[in-house]
Structures are given as structure tokens and as C-alpha cells.
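Listed below are the residues making up each chain.
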There are 2 protein chains.
Amino acid sequence: MSTTNRLIYLPLGGAGEIGMNCYVYGYGPEDRERLIVVDLGVTFGEMETTPGVDLIMADVKWLEDRLDRIEAIFITHAHEDHIGALGHLWPRLKKRVYARRFTAAIGRLKFEEHGHPLDVIHTVEARPAVIEAGPFKLQFVPVAHSIPESSALIIDTPAGRLFHSGDFKLDPSPVVGEGWNEALFRDIAAEAPIRALMCDSTNVFSPLPGRSETTLADPLHGLIANAGGMVVATTFASNVARLKTLAEAGRAAGRSVCLLGRAMQRMVKVGEETGVLTGMPPTIPAEMAVEVSRQNLMLIVTGSQGERRAATAQLARGRYLGLEMKEGDTFLFSSKTIPGNERGVGRIMNAFSEMGVDVVDDTNGRYHVSGHANRPDLEKMHEILKPEILIPMHGEHRHLREHAKLAAARGIAAEIATNGMMIDLTGPTPEVAEYIDTGRLYLDGSVLIGAMDGVIRERIRMALNGHAVATVILDEQDDPLGDAWVELMGLPEIGKRGTALADAMETEITEFLGNAPAKVMRDDDKMDEAIRRIVRQVAVEEIGKKPEVTVIVSRLIEE
Amino acid sequence: MSTTNRLIYLPLGGAGEIGMNCYVYGYGPEDRERLIVVDLGVTFGEMETTPGVDLIMADVKWLEDRLDRIEAIFITHAHEDHIGALGHLWPRLKKRVYARRFTAAIGRLKFEEHGHPLDVIHTVEARPAVIEAGPFKLQFVPVAHSIPESSALIIDTPAGRLFHSGDFKLDPSPVVGEGWNEALFRDIAAEAPIRALMCDSTNVFSPLPGRSETTLADPLHGLIANAGGMVVATTFASNVARLKTLAEAGRAAGRSVCLLGRAMQRMVKVGEETGVLTGMPPTIPAEMAVEVSRQNLMLIVTGSQGERRAATAQLARGRYLGLEMKEGDTFLFSSKTIPGNERGVGRIMNAFSEMGVDVVDDTNGRYHVSGHANRPDLEKMHEILKPEILIPMHGEHRHLREHAKLAAARGIAAEIATNGMMIDLTGPTPEVAEYIDTGRLYLDGSVLIGAMDGVIRERIRMALNGHAVATVILDEQDDPLGDAWVELMGLPEIGKRGTALADAMETEITEFLGNAPAKVMRDDDKMDEAIRRIVRQVAVEEIGKKPEVTVIVSRLIEE
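Residues numbered from 1 in each chain as written. Chains lettered and ligands numbered in written order. Predicted model: local features only at pLDDT ≥ 70, side-chain atom pairs only at ≥ 80, totals over all residues. Heavy atoms only, no water.

Going by the annotation in an unreviewed UniProt entry, the name recorded for chain A is Ribonuclease J, with Gemmobacter aquatilis given as the source organism.

## Brief notes about the side chain of A:S146
Residue and element names in this part refer to chain A. With respect to the helices and strands, S146 occurs in the loop between β11 (136-142) and β12 (151-157). Overall, the relative accessible area of 19% leaves S146 in the buried class. In this structure S146 touches H79, S238, N239, V240 and G371, once residues within four positions along its chain are discounted. (Helix = DSSP H or I, 4+ residues; strand = E, 2+ residues; numbered from the N terminus. Buried < 20%, exposed > 50% of the residue type's maximum accessible area, 1.4 Å probe, protein only. Contact = heavy atoms within 4.5 Å.)

## Brief notes about the side chain of B:K110
Within the element layout of this structure, B:K110 appears in helix α4 (residues 101-114). Ignoring anything within four residues of it in the chain, the contact list for B:K110 reads B:E80, B:I83 and B:G84.

## Describing the pattern of salt bridges
Within the structure shown, the criterion is met by 74 salt bridges over all chains. A:D444 is the salt-bridge partner of A:R459, the closest N and O atoms lying 2.6 Å from each other. With A:R459 in helix α14 (residues 455-465) and A:D444 in strand β25 (residues 440-444), this pair connects stretches of sequence that are 15 residues apart. For A:D444, a relative accessible area of 0% translates into the label buried. B:E80 serves as the salt-bridge partner of B:K110, at 2.8 Å between the closest nitrogen and oxygen. On the criterion of sequence distance, the pair formed by B:K110 in helix α4 and B:E80 in helix α2 (residues 80-83) is long-range, its members being 30 residues apart. Each of A:E182, A:R186, A:K380, A:E383 and A:K386 takes part in salt bridges that share partners, so that together they form one network. (Salt bridge = Lys/Arg side-chain N within 4 Å of Asp/Glu carboxyl O.)

## Looking at the sheet that holds β12(A)
Residue and element names in this part refer to chain A. Read across the sheet, seven strands follow the order β10-β11-β12-β13-β14-β20-β22 without closing on themselves; strand pairing throughout is mixed. Looking at strand neighbours, the two that pair on one side only are β10 (131-133) and β22 (413-414), the edges of this open sheet. In the sheet, strand β13 (residues 160-164) pairs with strand β14 (residues 194-200) via four bridges, with the strands oriented parallel. Looking across to β14, one finds that R161 is bridged to I194. Across the face of the sheet, helix α12 (residues 375-385) comes into contact with β13, β14 and β20 (389-393) while running at roughly 165° to β14. Its contacts with the sheet put helix α13 (residues 397-408) on β14, β20 and β22, and the angle it makes with β20 is roughly 160°. (Pairing = 2+ DSSP bridges. Axes fitted to C-alpha atoms, helices over the stretch in contact; angles between N-to-C directions.)

## Here we look at the packing of aromatic side chains
Residue and element names in this part refer to chain A. For the coordinates displayed, the defined rule picks out 18 aromatic pairs over all chains. The interplanar angle of 40° and the centroid separation of 6.3 Å between the aromatic rings of F74 and F140 together place this pair among those described as tilted. Here F140 lies in strand β11 and F74 lies in strand β7 (residues 70-74), a separation of 66 residues in the sequence. The exposure class of F74 is buried, given its relative accessible area of 0%. With a relative accessible area of 0%, F140 lands in the buried category. Seen from their ring centres, W90 and F111 are 5.4 Å apart, and the 55° between their planes marks the pair as tilted. Of this pair, W90 sits in helix α3 (residues 86-93) while F111 sits in helix α4 (residues 101-114), and the two are 21 residues apart along the sequence. The exposure classification of W90 matches that of F111, with both residues buried. (Phe/Tyr/Trp six-rings, centres within 6.5 Å; stacked < 30°, edge-to-face > 60°.)

## A short note on helix α7 (residues 240-252) of chain B
All names here are of chain B. For α7, spanning 13 residues, the distance from its first C-alpha to its last is 18 Å, which sits close to the expected 18 Å at 1.5 Å a residue. For α7, the buried fraction is high: ten of the 13 residues fall into the buried class. Taken from the residues just after α7, G254 is the one with a positive phi, measuring 75°. (Expected span 1.5 Å × (residues − 1).)

## Describing the pairing of β20(A)
Residues and elements named next belong to chain A. Taking burial as the measure, the five residues of β20 include five buried ones, the bulk of the element. With burial as the criterion, each face of β20 is covered, one bearing I389, I391 and M393 and the other bearing L390 and P392. Bridge count between β14 and β20: five bridges; the pairing is parallel. Paired with M198 across the two strands is I391, which belongs to β20. Bridge analysis of β20 against β22 gives two bridges, and the strand direction is parallel. Its bridge partner being in β22, I389 is matched across the sheet by A413.

## Focus: the domain arrangement of chain A
Once the domains are mapped, chain A shows domain 1 (5-208 + 370-450), domain 2 (213-360) and domain 3 (466-555). Distance between the C-alpha centres of domain 2 of chain A and domain 3 of chain A: 55 Å. (Domains from an automatic or database assignment.)

## Focus: the sheet that holds strand β6 (residues 55-58) of chain B
Residue and element names in this part refer to chain B. The sheet built from four strands is open, its strands ordered β5-β6-β25-β26 with antiparallel pairing. The two strands at the open ends of the sheet, each matched to only one other strand, are β5 (42-44) and β26 (447-450). Along the sheet, successive strands turn relative to each other by an average axial angle of 30°, direction set aside. One ladder, built from four bridges, connects β6 with strand β25 (residues 440-444); its direction is antiparallel. Across the sheet, residue M57 finds its bridge partner in β25, namely L441. Across the sheet, helix α3 (residues 86-93) lies against β6, β25 and β26, angled at about 40° from β6, the strand it touches most.

## Remarks on the interface of chain B and chain A
Across the boundary between the two partners, chain B contributes 62 residues, which contact 62 residues of chain A. Summing both partners gives a buried area of about 5,600 Å² for chain B against chain A, and 59% of it is carried by carbon and sulfur. On the chain B side of the interface with chain A, the three residues burying the most area are B:M47, B:R343 and B:M489, jointly 13% of the side's total. For the pair chain B and chain A, the interface holds ten salt bridges. Note that B:R401 is salt-bridged to A:D358, the shortest N-O span being 3.1 Å. (Buried area = accessible area lost by both parts, 1.4 Å probe.)

## Considerations on helix α15 (residues 501-515) of chain A
In a regular helix each residue adds 1.5 Å, so 15 residues correspond to 21 Å; α15(A) covers 22 Å between its end C-alpha atoms and thus fits that length. Taken together, the buried positions of α15(A) are occupied by A:L501, A:A502, A:A504, A:M505, A:E506, A:I509, A:F512 and A:L513.

## Looking at the relation of the copies chain B and chain A
When chain B is fitted to chain A, the best match, at an RMSD of 0.0 Å, comes from turning it 180° and sliding it 0.0 Å along the axis. Those values place the two copies in the arrangement expected of a two-fold rotation axis. Across chain B, the rotation axis passes nearest the C-alpha of B:A463, at a separation of 2.7 Å. Both copies contact each other with a shared surface, as 100% of the interface residues of chain B are interface residues in chain A too. (Least-squares fit on C-alpha atoms with pLDDT ≥ 70 in both.)

## Overview of unusual backbone geometry
In this chain, A:R127 is followed by A:P128 through a cis amide linkage whose omega measures 15°. Its location among the elements puts A:P128 in the loop between β9 (121-123) and β10. Positive phi is not limited to glycine here, since B:L321 has a value of about 55°. In this structure, B:L321 sits in the loop between α10 (311-317) and β18 (330-333).

## A closer look at the pairing of strand β16 (residues 256-260) of chain A
Residue and element names in this part refer to chain A. The buried fraction of β16 amounts to four of the five residues, a majority that puts the element mostly inside the structure. Where β16 lies against strand β17 (residues 297-301), five bridges are found, and the strand directions are parallel. Counterpart to L259 in the pairing with β17 is I300.

## Considerations on the packing of helix α15 (residues 501-515) of chain B against helix α17 (residues 524-543) of chain B
Residues and elements named next belong to chain B. As a packed pair, α15 and α17 sit with axes 9 Å apart at the nearest point and diverge in direction by 140°. Between α15 and α17, the interaxial angle falls into the category oblique. For the crossing formed where α15 meets α17, the hand is right-handed. Along its contact with α15, which presents L501, A504, M505, E508, I509, F512 and L513, the element α17 presents M527, A530, I531, I534, V535, V538, A539, E542 and I543. Here the contact of α15 with α17 is built from residues that sort into 14 nonpolar, no polar and two charged. (Parallel < 35°, antiparallel > 145°, perpendicular 65-115°, else oblique. Left-handed = near helix turned anticlockwise from the far one by under 90°. Nonpolar A, V, L, I, M, F, W, Y, C, P; charged D, E, K, R; others polar.)

## Re the UniProt feature "domain: Metallo-beta-lactamase" (unreviewed entry) in chain A
UniProt records the feature "domain: Metallo-beta-lactamase" (unreviewed entry) at residues 19-220 of chain A, using the numbering of this structure. For residues 19-220 of chain A, helix accounts for 22% and strand for 30%, while the C-alpha atoms at its two ends are 29 Å apart. (UniProt positions renumbered as here; feature names shortened; annotations may be inferred.)

## Quick notes on the environment of A:G107
Residues and elements named next belong to chain A. You can see G107 is positioned in helix α4. In this structure the C-alpha to C-alpha distance between G107 and G13, which are 94 residues apart in sequence, comes to 19 Å. With residues near it in sequence (within four places) discarded, G107 still touches I83, L86 and I121.

## Things to note about the state of the cysteines
Evaluated as defined, the whole model comprises zero disulfides over all chains. The structure places no disulfide on A:C199, whose sulfur is separated from the nearest cysteine sulfur, that of A:C22, by 19 Å. (Disulfide = S-S within 2.5 Å.)

## Quick look at the nonpolar core
Counting 111 residues, the largest nonpolar core has A:I509, A:M527, A:I531, B:L40 and B:L63 as the members making the most contacts within it. It is helix α17 (residues 524-543) of chain A that provides the largest number of residues to this core, a total of eight residues. Counting 105 residues, the second-largest nonpolar core is a separate cluster that includes A:L40, A:I75, A:I147 and B:I543. (Core = buried A, V, L, I, M, F, W, Y, C linked by side-chain atoms within 4.5 Å.)

Okay, structure coming up:
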């Protein structure tokens, strides 16, 4: 067994996708490395590939098999794609969790819901505070992002200093929390050379430098001051800085401000309780908002991505908590529509349009800025930190590839590492050490199922093809008792012949049963196969589709 | 019965959505108007709201009930959202079809597939040729768009001149076909005042003037000439001008050009046969392309929207017709991703990225221009035609509303008319005459089903909730014969208790059957309801979900 120590990086989620971030670092002899986990995030399910699935997270089987080697879990910030799986997966890992105050508070709310022990989550201070975890020494470095107290991580190891960027932008004045401080980052690089930078890649295709959160204040104030009726604005609930900017713009325009949606109220509450949010303008509850005249009212609401149960979608459907949109009102999406949500958000915009509401979105970039570093900002970070190695993370493959090219052009050794690729960072250039079998877990209702279990594949097939259920009852002599019975779900009742599709199937099955040889009638598998074939064949002829088929052969047994 | 004639406009599709265009005009005494139909288009189904549905089209029931009043069908151009339903719906209307040469040729290909008579489709010449249809006199006015021979329609009626814009842009040099000719449009307005303009609204939110197809030639040539390996470009098959521009750019860069995908080859063939496409550079078949060195080869392929079976998706999955993408190749999306297709197109981009292919899309607008008039172009059209009335069409509600506001700002009487709103154009301002019950038809496999039939709703529910099938067999005395049997589809096998979900359901049903009173056991509806409730309750407890349930109670009858 090798006694040479090595330094490894293993993304389990977030590398090759935007969402469900989960990264592992290790140091020690091969296969005995001590491990830390950075972030346990989720992705949201969607109809096309994961119908009915509530949340998607990295499968942590690899970690579960190495529980005795895990030192701790570190959470960089409280966005769902970084912390959303903590409550669901913690019982499988049961390790200490470290996070800064705001993030820890959100984590504890999740633990409360799950009934996990709250004292497992440790609140840590930002750099220069150091957390020791086995061979690792970590510091939380404040970065600007679209949620308070977002952090990068300095991970000092016996094999050198690593820098895990987390989600960040170079915003010197992010309204809430610490702004971009170039000197701090130059200090970090000067203290110890950066062996490897694991870096956010989300906006690598955005060619212009990112804009500051503060640039929104004037345009927002102008928009709200010039609006006639009620103004309603939506953004991500966790974007506490935006909530403050919106509320201030509303107040400056002489409007009472009401926050609608539990997620939003919770974020503001946690922000104030943890001291990260100060100076938030006073807001009024919905019960009072209904009494305020429209031109003096502004609502800030959840549901910027069109989520069905959030306030935005509720208002698009009609009255919500006594409030409703009317002709002359303004609805502002102070948010970006995440790819895949365009159609749902579009439906909401059209519903508002039908009510005579003016809908304003981020098309011209005046009312929203991104929370991620753009291409020139990434280049600046490369220049400041001067890492020997760069591993792009937090991106789809095309983002990772573009980011690696960007770094390579500067002479940095860059490697594309997607989920499951264990990278050895010990040598002069990054090397793929191993390919780990990774996967996804789906939270479906209240249970976690494996992405490859076949459950979701069956749902997709039923959605595309419909489901036919054929039942036959056989007596003790394997003779049919009565006729076959077919139930259809998600299939047209009438086929091409103009007769009922189920009847046509039943007729064909009954005919088959009348002629099938005894050895087929005795054999459940053969019966299943034959009846399935008949159902599909009739369906193809009658409706041009091959449905999913369930065959139920019931055999009466002599008692 | 009124003998006053009126002029009506009735959108059955395309007004309140982008897709499935179908517009009706009528003139005559109320409820006895003579009618013409303009366009019979489709929309494509998608997983979120129409899983398994191939095509969506306007329900023409209203027209079917008035067959004796329909004069003819006019098709403005050969895009699927204008002609795609012609083959499917013609048997329900059986009226003469008028279209220009290229469009008529595409229509006849569809009729051939359906086995409809080809001589029903009449090829018409452009203005000044006039087609008389009852009280209507129509002229096809050439407009630039992203397909050859696109046309606006002058519809002269005893109540004045209407102008139906069709899909258009103001492109003086569209590469293929007639360019924008302002004098022609000024002549049309000078000949007779325009009573009403029914106008394309697609790009009303695009603030800059539209760009010409010819502006793409130089950037495309530059991109292709500087590319190292194979170059593959995709665009809409029907964008014959783009195919020509791409092929010319490829040839100019010293590459052999190969068209991949049947739809593309068909469009070029029809374009050349009808004489609208001339000077298309020579292309080579796929069998020859495999022999050409990568740096000397350019493919132009179908599937810009990520369609699973088109060439783009096939190449993203691996080898296709002996050709495959490799490190150093370039893939160009010379197309816009239609909202809703982002995720699918993104998956393809990432697959190419994994192969080391450089993917170029229309992000910077260098390699694609839209086929629709932008906001300033719409304003120019309003200024030239000076209509008394403007009815926006070809847009979602927010597009229609914005377009109506734009026209109203110029003093034009504008009315938002969505599908089913019959507008009386006879008086000084447009008036809603009637609300028609409209709907959608779904082509599902080989049959047309109504959108409200419930079939698709069942599929969506199965996709979200899974499907449980419970069967029980009762004997002649209504006593259970054996145990209940549950089959699950799209549901996890194991629930919270760690036991099989189906077993837990069967146990509960069997227990219920043992205790149920005779009047329940005798009653199919009561049995169905009770068993359904048990299945759902067990599911909620075990997996936190309520599945769709089918209950099959089989009763043995004494023979």
C-alpha cells in the first residue's frame, strides 16, 4: 500500500451542469485520503426529463462507503443549489457542518423541518478564522453574490493552498454584505501560492464586465415612480440585497411595500436576525396592503421562475390574499428566467397581459444584474490569484470547456473535470486519478429514489405513449373465465375504425385466448408477452401509437 | 333576419400564441357571411403540457358547421405554422386551396402523403393577379421572410380593402425571392384606403430595425474560413436563403458542402423545381462526404431546435451516415432557439462540447437574422399603409397588446383579438361581434383528439404521480376470490416502512374486503371508490404521493 500522500478533487455534482453542487477534497495516502465535502445542493425536477420529481441531488454513495474518512461538511452559501440537499442527505453522512452565520441559520431551519440535531451546524467567522479538519485548514473568504455572506474557501493542505471560489462576482458595492476587495485576494495569493483554483464558470460566455447591484437603484426608482397603478416586483427570495433595493425604490416613490410569499419573509427575517441585513425599509402585511390605494402600493413577491404555488403564479391566476392585478398595474421581473422555465414564465406574462398589466422583464438588463462573474471578471480572478492549476466548476460542459480554454490561454494548467472525475492535484499538472460511478438521487414525494431505478423512465413512457392495462382470469384448467378486460389511461377512446379502442383490444385478446395452445395458457411469461403484443398491435393499427402495457393474468386456484 | 352586410375577422389560431395560424374573414349578412380561410398551421407538442402529442392545430369545428359558406382556403407561405395542418384538416373542409408556386408545391407533397387530390391546390401568381372568392378579391403580395415566396394578402371586399400581412420583414435583399419594395406598398395604400391591417406581431419587442439576410454572408464566410476541422451548420430546413448563404460561404472557403437531413434536401429540390432558388452551389451526398478531409468539408444539417431524430441530434449522439464530430470541429447554430427548446438544444451543445467541438450560436447575432419585422419596421408598415384599423396577429397576448399600443399611439384604432374573438370591421372602430368556442386538435399518433378530451390530462397526471392498478376478483356471492393484486407503473417499489409498496396496498385492500359490508361488495362504484381511497392513502403514508389509480373489479358470473 502506497504511503505517498496525494491531494484529490472530486466533483459529485455541479460539474457538467448548473445545479446540485457537491465537491469533495481529499488528502492522504491513496484510498485512505481524509475527506471534506463542500456544499450539498439540489436541482429542481422538470416535466421533460424528471416528471413528478421534486428535487434532484448528487448520489453520495461514494461518501457513504467512506464515512470514517470524512472530516466535515462545508457550505459556501445558502442558495438551494448549494445547501438544498443538506437536510435530505445529512442523515447518510452525519458529519459536522460548517457555515457562516446567515447560511448556518438557513441550514438550521432545514434541520428543524427534518428533525435533525441543530448543534451539528457550526457557525464560523470569516477569514482570518481558520477551521481545522484533519489535514485541511479552511478559511471562509467573503465574496459578493446574490445572497448574503457568500463565501469562497481557502483550503490549505500539506500539498499546497487550494482556492474554491464558490459562486461570486466582483461587486465592490453589493448593497448587502462585503464588497469585492481586490487587496484581500492579492494578500491571499501572496501568503501562499495557489496550487489550484476551483472556479465558478456560470457566466464565462458573458463578454462584458459584470455590473454592480447598486446600478439598479436609479432605474428601479425611475420605473416605480413613473408607474400608474400598483407595482409588483418579483426576484429570488434569497436575493436579500435586491429585496432591499426594491423596497427602497418603492418607499422613495412614496409607496407602502408588502412582501408576499413565505420564502421571502423568511429570508428577510433570517437576514435581520443574523445581522447581515440592516436598514431594510418597513413593510406592511398583506392584510394592510389591501387597504392601500393601488398607486401607493408596491408588492415584492416570490415566484420569479413561474413556480406554480408561488405568489407570482397565484396573482397571474387571479386574487391572492385579497390582492389582484388590474389594468394599468406594472409587473416587474427583476430576475433572469432560468433556461427551461421560459415557457412557464411566458404563460404568466401573457396572463398579466390579458389583465391589462404592463410586464417589464430583464430584456434590456436595466432591472436585473447577475450574481456571477463574467468573462473579464474571471480573467481578473485568474490574474490576481495566479493559480498553477485551474479546474472550472459550476457550469455545463460547454461552460467548463470555455473556462478551461480561457485559463489555458494564460498559461494555467487547466483540466475539465465533470462529476465523478477524481483529479490528482499533487503533481505539476492535474491528472485524472479515477472515474467514480456517480449518479443522482430524486426526492419524489417523501422518498429518495435512484435516477436509474427506472421509475421515472416508466413515467415518461406513460406520458408519451399512454398506458393500457389488460386483465384476464383463467380457471383451474387454464381456461379463460369470461372475456378479457382492457382499461386505458391517457389513450384516445376511439380508434380509426370508429369503434372503442379498448373493445377492439378485448376482442383480439379473447380470440387469442380461444385458440392459444395449452402450453402458452399455462405459462405466465408467454401469456404476458402474447397479450402485450396484441394490445400494441391493435393500438398501432387503430391509433398509430404503441402504449405502455400492463398485463394481469389472474389464475383461480383450487381451494 | 338582418340584410345589412358586415365584414368580419375571426382568428381560430395564432392570435394569443405563436403557432398554428388560422384566420377567417367573412362578408355578408350576419350569420350568412361568405367565408375565406387564411392559413392552416400547426404548433408542435411538448412534454410539459402535451406529452406524446405530435402536432397541435386549431379546431375547425366552427368552419365544419358552415361548410356551405366557405369559398376557399389561402396559404400565405410554407412554414409549418401556416401550412402544417393543411393535409390533416383539408378532409374536414374540402375547399379549393390557393397558394403561390413554392407553397403550392409543398402543399401538394403533403397531399400526396395523405392521399388527397392534388388538383385542389391551385397555384396563383403574385399581384397584380387577382383571385375572386365570393365577395372577396385577393392578391398575393410578395414579402420577404425566412422562406421563399412568402406573401401578404390584399383582401378587397365591398366594405373596403383589408391587408393581411402574413409573416414578413423589411428586407430589401433577402438572397432568395423578392425584396422589400416600399413603392409597391405605397401603391397598395394609394389604390384604396386600408380599412384594416391584420399584422404580424412576433418581434414587436425587438427595438432595433431588422437586419438583412445579406449581412450574414461576410461573418459566415469569416467563421468558416477560419475554422480548422469540419464545419457543421444547422438552420431551419425551409430557410432556403440561409441554406444558399451557408453553402456559398462554405464553397468560398474551399469546402465541399453536403446537405444532411431529408427536410433540407426536399426544400432545396422544391426551391429549384419551382424556380425560386437559383444559383445554389453544388453539394455532395453523404456517401461522398465521408471521403472528404475534415478541413475541406462543410455539412448543413437539420435539427436546429434539437429535434431528437434530426441530423443535429444524431451527430450529438455519435456517428450519423458515416460522419461524426471530432475535436477541433465547429458546430454553428445559424438559428434562434425557440422558447421552450433551450434545454434540449443546451443538451446537444454540451454533447458537442464533450467531443471537443467549438459550438457557435446566435448569441451575438452575427450568424442569424430573424424573419420577422422588428418594432421600427412595424411602425414603418403602419406609416406606409395608414390603416384605419389595426388588429395584431401572430403573437402571444403580450405581443398583441404591445403591438396594439404601438398602433394606438399613432392614432390607429387597434383591437386585441385572440382566438375565437369575432371582430366586426364594418363600423368606424373594430367591435367584438361574438365569442366563438374555439379549441385545439391534437394529432396523437395517427388520430386527431380534442385538447379537452382528457386524454392528455391523464398522461400528465400519470407522469407526475405514477399509476397504480388494483385488481380484485369477486365470486358469485360477492366474496373475494384470492387476494387483491396491485401493479405499479412509475412508482417506487419500496416505501418508508422498507417494505414493498404494492404489498402494503394489497394487504390493506384485502383487509378491507374481509370487513366490507355486503352492500359495498355488491356495488361497483362503492368498491371502486373505497379501493381507490385505500391505494392513495397507503401511497401518501409510504411515499408521500397520490398516484393515479385504476381499480378493476372482476365479478365471476354463474354460467
